[in-house]
Amino acid sequence: MKFVRIGICALVAFGVLAHGGVEDWARAVFEVGIALLFLAWAVRFYLDSEETILISPLLPPLVAFLLVVLAQLLFSTSASPFNTQEEFTLLLADVIMVFLAVQAFRTLEDWRGFVWFVMIFGFVVSVFGILQHLTFNGKLYWFREMHYGGIPFGPYVNRNHFAGFAELFIPMSLVPLMLGKVRRERWLIVGLFAIVSIGSLFLAASRGGIVSLAVEVVVVVMWMSLRRMGLKQMVGGAAVLVAALVMVSWLGVKEIAQRFSSMKAMEVSSGKRDSMRRDTWRIFVEHRWMGTGLGTLQIVFPPYETLYDGRIVNHAHNDYVEALAETGIAGGLCCALYLCLLLFHSSQQLSGGNTSFSAALNLAGLVACSGFLVHSLVDFNVHLPANAQLFFLVATLATSTITPVNAAAAAATRGRHHSRKR
């Protein structure tokens with residue numbers, strides 16, 4: 001399954017570097033890539049009689065949500081069947097990706113490799129974002145023009161979307177450090193990953209991102225308090241945060257503050273955000289059962305707009321209200337079930353006083369999802385394909401029963417002996 005693991009990681013990295021995967025060509029590459037990975041896995045499964053299929057507890061609500069969107073297409077309830085069909089195809093690719101991830105990531109070594117990939121890749125993108133911040137010439141990657149404007153950071157046109165990405169990879173290094181689950185010889189490199197990543201988030205000057213990071217730290221501290229862990233680990237985590245703030249101060253607090261204030265005029269105001277959420281809620285009230293169709297908010301919003309400012313509203317800056325408006329109560333129940341199962345199964349993995357490295361990885365996944373979901377209250381990171389893909393993978397990590405390598409090998413050996421006896 002190594003080829004599936006490498007393929008999934010490569011597609012996530014591609015999506016992030018391709019400005020979050022928002023453009024049609026980037027989405028097409030992801031969808032075709034996932035289809036090819038699924039085909040390769042299917043051939044292997046057909047040829048290997050000992051291969052087993054695992055189902056993530058998070059997969060059923062995703063499939064149910066997919067069926068809701070399919071029903072919108074079949075019964076012509078979507079305001080724009082073309083937009084809904086596009087979103088359906090992308091969502092289908094996400095569902096297949098989650099299915100493949102469960103088959104490919106099973107043992108502790110599998111998930112350890114994934115976490116290292118996320119840490120290293122997040123560090124590289126953070127360094128790129130910092131360099132871009134210091135040498136910005138008004139273009140993405142220093143050569144691509146931004147025809148529709150934006151406030152970029154790293155490969156993302158919108159700094160808030162970089163923050164959504166950062167919320168998913170920062171806990172991969174921060175949580176094991178705070179829990180004391182990093183080997184002494186690796187403490188320096190993992191600490192560097194965490195410090196630079198947190199520093200880049202502050203440099204991005206995303207208020208939602210900074211608040212979400214604070215929520216993530218609170219979740220870790222609360223879990224450590226419940227487990228009555230010592231102050232030594234908390235001091236280690238605090239040292240990482242202080243070092244990140246020192247780095248930001250060294251790069252220039254004054255410049256960041258000026259950038260913060262200047263950006264406010266370029267972004268959607270708080271009053272406009274509140275207005276968009278209220279207007280989107282009105283759309284839900286009038287289309288409460290099946291919604292207007294996934295991906296149709298931009299089309300149906302104008303008649304409901306109460307505070308016109310000359311700008312096109314393509315998202316509600318609240319993923320929860322937008323999901324209700326586009327998929328109604330049917331889709332909302334699927335989303336609520338997904339979040340409940342995420343919390344329940346991740347809590348199960350952390351119950352019983354489990355303090356192993358596997359539990360640290362489960363906790364890192366849960367913490368990352370918590371920050372990302374908090375940010376979704378004021379932004380639309382779920383609609384960034386690359387961020388949504390990484391969120392689904394991190395949620396799978398949070399809920400997975402991570403098998404030690406020795407136990408997995410023993411189970412495979414028993415399976416082979418059993419098949420020979422038959």
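Residues numbered from 1 in each chain as written. Predicted model: local features only at pLDDT ≥ 70, side-chain atom pairs only at ≥ 80, totals over all residues. Heavy atoms only, no water.

What the chain contains, in helices and strands, is 15 helices and zero strands. Counting the 422 residues in the chain, one finds 51% classified as buried. Put simply, of all contacts in the chain between residues at least 6 apart along the chain, 79% involve residues at least 24 apart. (Helix = DSSP H or I, 4+ residues; strand = E, 2+ residues; numbered from the N terminus. Buried < 20%, exposed > 50% of the residue type's maximum accessible area, 1.4 Å probe, protein only. Contact = heavy atoms within 4.5 Å.)

With that settled, the discussion passes to the packing of helix α6 (residues 159-178) against helix α8 (residues 207-226). Where α6 meets α8, the closest approach of the two axes is 10 Å, and the angle between their N-to-C directions is 25 degrees. When the interaxial angle is binned, α6 and α8 end up roughly parallel. Viewed along their axes, α6 and α8 form a crossing whose handedness is right-handed. When α6 is examined against α8, the residues Ala-163, Glu-167, Ile-170, Pro-171, Leu-174, Val-175 and Met-178 are found in contact with a partner set consisting of Gly-208, Gly-209, Ser-212, Leu-213, Glu-216, Val-217, Val-220, Val-221 and Met-224. When grouped by side-chain class, the residues that make up the contact of α6 with α8 number 11 nonpolar, three polar and two charged. (Axes fitted to C-alpha atoms, helices over the stretch in contact; angles between N-to-C directions. Parallel < 35°, antiparallel > 145°, perpendicular 65-115°, else oblique. Left-handed = near helix turned anticlockwise from the far one by under 90°. Nonpolar A, V, L, I, M, F, W, Y, C, P; charged D, E, K, R; others polar.)

Okay, the packing of aromatic side chains next. Two measures describe an aromatic ring pair: the distance that separates the ring centres and the angle between the ring planes. The final tally for this structure, using the stated rule, is 25 aromatic pairs. A ring pair is formed by Tyr-338 and Phe-392, whose centres lie 6.1 Å apart and whose planes are at 85 degrees; its orientation type is edge-to-face. A residue pair is termed long-range when its members are at least 10 positions apart, and Tyr-338 in helix α12 (residues 319-350) and Phe-392 in helix α14 (residues 385-399) qualify at 54 residues. An aromatic cluster is built from Phe-105, Trp-111, Phe-114, Phe-117, Phe-121, Phe-153, Tyr-156, Phe-162, Phe-165 and Phe-169, whose rings are joined through pairwise contacts. (Phe/Tyr/Trp six-rings, centres within 6.5 Å; stacked < 30°, edge-to-face > 60°.)

Ranked by internal contacts, the top residues of the largest apolar core, which has 104 residues, are Ile-8, Phe-165 and Met-172. Broken down by element, this core gets its largest block of residues, 12 residues, from α6. Filtering out sequence-adjacent residues up to four positions away, Met-172 remains in contact with Val-115, Val-118, Met-119, Ala-364, Gly-365, Ala-368, Val-394 and Leu-397. (Core = buried A, V, L, I, M, F, W, Y, C linked by side-chain atoms within 4.5 Å.)

On to the side chain of His-315. Among the structural elements, His-315 can be located in the loop between α11 (297-300) and α12. Within polar-contact distance, the side chain of His-315 engages the side chain of Glu-322 at 2.8 Å. For His-315, the contacting residues outside a window of four places in its chain are Met-276, Leu-297, Glu-322, Phe-380 and His-383. (Polar contact = N/O pair within 3.5 Å; in protein donor to acceptor, adjacent residues only side chain to side chain.)

What follows is about unusual backbone geometry. The phi dihedral of His-19 falls on the positive side, at around 60 degrees, and the residue is not glycine. Relative to the helices and strands, His-19 resides in the loop between α1 (2-17) and α2 (24-47). Not every positive phi belongs to a glycine, and Trp-142 is a case in point at roughly 70 degrees. Mapped onto the elements of the fold, Trp-142 is located in the loop between α5 (108-134) and α6. Residue classification places Trp-142 among the partly exposed positions, given a relative accessible area of 34%.

With 16 residues, helix α3 (residues 59-74) extends 22 Å between its outermost C-alpha atoms, agreeing within 8% with the 22 Å of an ideal straight helix rising 1.5 Å per residue. Within α3, burial applies to Leu-59, Pro-61, Leu-62, Phe-65, Leu-66, Val-68, Val-69, Ala-71 and Gln-72. The inward-facing, buried residues of α3 contact α4 (81-104), α12 and α14. A positive backbone phi angle near 55 degrees is found at Ser-76, which sits one or two residues after α3. (Expected span 1.5 Å × (residues − 1).)

Contact pair α3 / α4: the axes reach a minimum separation of 10 Å and the direction vectors enclose 160 degrees. Comparing their axes, α4 and α3 come out roughly antiparallel. Crossing hand, α3 versus α4: left-handed. Across the interface between the two elements, Leu-59, Leu-62, Val-63, Phe-65, Leu-66, Val-69, Leu-70, Gln-72 and Leu-73 from α3 touch Pro-81, Thr-84, Gln-85, Phe-88, Leu-91, Leu-92, Val-95, Val-98 and Phe-99 from α4. Looking at side-chain class alone, the contact of α3 with α4 contains 15 nonpolar, three polar and no charged residues.

Here the chain shows a mean pLDDT of 87. Residues at 70 or above account for 87%. Contacts of residues 408-422 to residues separated by more than four positions or lying in other chains number four contacts, the stretch itself having pLDDT below 50. (pLDDT = per-residue confidence, 0-100.)

Helix length check: α12 (32 residues) gives 28 Å between terminal C-alpha atoms against 46 Å at 1.5 Å per residue, more than 12% under. Remark: the principal bend of α12, roughly 125 degrees, maps to Gly-328. Two to three positions downstream of the cap, the backbone nitrogen of Tyr-320 sits 3.0 Å from a side-chain oxygen, assigning the N-cap of α12 to Asn-318. (Bend = angle between axes of the 7 residues up to and from the residue.)

Now for the pattern of salt bridges. For side chains bearing opposite charge, pairing can occur when the charged atoms are close. For the structure on display, the rule yields eight salt bridges. Here Arg-5 makes a salt bridge to Asp-110, at a shortest N to O gap of 3.4 Å. Linking Arg-5 in helix α1 with Asp-110 in helix α5, this pair joins segments that are 105 residues apart in sequence. (Salt bridge = Lys/Arg side-chain N within 4 Å of Asp/Glu carboxyl O.)

This brings us to the side chain of Glu-51. Tracing the sequence through the fold places Glu-51 in the loop between α2 and α3. Excluding residues that lie within four positions of it along the chain, Glu-51 makes contacts with Met-1, Arg-44, Phe-45 and Arg-106.

Another point: the state of the cysteines. Within the structure shown, the criterion is met by zero disulfides. Among the cysteines around Cys-334, which has no disulfide bond, Cys-335 carries the closest sulfur, lying 6.8 Å off. Using a relative accessible area of 11% as the deciding quantity, one classes Cys-334 as buried. (Disulfide = S-S within 2.5 Å.)

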